[in-house]
Amino acid sequence: MFQGTAALSLDGKGRITVPVRHRDLLLALSEGRLTLAKHPEGFLLVFPRPAWEAFRDKLLGMSMAVDAWRRIFLGSATDVEIDNASRVLVSRELREAAGLTQDVLLIGNGHRLELWDKQRHADHEAKTIAQGMPAEIGALVF
């Protein structure tokens, strides 16, 4: 289970260093093999390979009616590996699609991680909060 946020920097080659707390779990779950893909809300999905394969299989089992959405996810999917220096290379195409600048956030979201541009995430979070809390979340006991 991935949770928490890590503030990171993209290096000059477009790599991020995976924080230890996530790296150890990623190595255990997938031997450091990951899949990155675009998300239509403007960030990158970061899946351990087995979780990606399960998601991909669900997409492939859907009807032709979702073909355009399937294309977004499968068409942008890029397999990467955590290198010996704990870095992951994010391709130029994916960096551009997610608007990633130097300052990024790696956010745990259950069975996957999300890679956001820091400013884009702040804007998205402010917009989400302004919309108000859904009843389903509000019904949780805090």
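For the structure, check the block above.
Everything quoted here is computed from the prediction, not taken from an experiment.

S.K.: Residue-level account of the layout of surface pockets, with values.
M.R.: Approximately 410 Å³ is the volume found for the largest pocket. Surrounding the largest pocket, Trp116, His121, His124, Glu125, Thr128, Ile129, Gly132, Met133, Pro134 and Ile137 form its lining. Among the elements that line the lining of the largest pocket, the one with the most residues is helix H5 (residues 118–130), at five residues. A breakdown of the residues in the lining of the largest pocket according to their chemical character gives five nonpolar, four polar and one charged.

S.K.: Before we move on, could you go through the sheet that holds strand E4 (residues 43–48) and cite the residues and values that matter?
M.R.: Neighbouring strands of a sheet are bound in pairs by backbone hydrogen bonds; such pairs are parallel or else antiparallel. Taken together, the six strands give an open sheet; going across it, the order is E1-E7-E8-E4-E3-E5, and neighbouring strands pair in antiparallel fashion. Edge positions in the open sheet fall to strand E1 (5–9) and strand E5 (78–81), since each of these has one partner strand only. Each adjacent strand pair in this sheet contributes to an overall mean axis angle of 30°, direction not counted.

About the cut-offs
- Residues numbered from 1 in each chain as written.
- Predicted model: local features only at pLDDT ≥ 70, side-chain atom pairs only at ≥ 80, totals over all residues.
- Heavy atoms only, no water.
- 1 Å grid on protein atoms, 1.4 Å probe; cavity = no way out; pocket = protein on both sides within 12 Å on 5 of 7 lines; lining within 4 Å.
- Points joined across faces, edges and corners; volume = space filled by probe spheres on them.
- Helix = DSSP H or I, 4+ residues; strand = E, 2+ residues; numbered from the N terminus.
- Nonpolar A, V, L, I, M, F, W, Y, C, P; charged D, E, K, R; others polar.
- Pairing = 2+ DSSP bridges.
- Axes fitted to C-alpha atoms, helices over the stretch in contact; angles between N-to-C directions.

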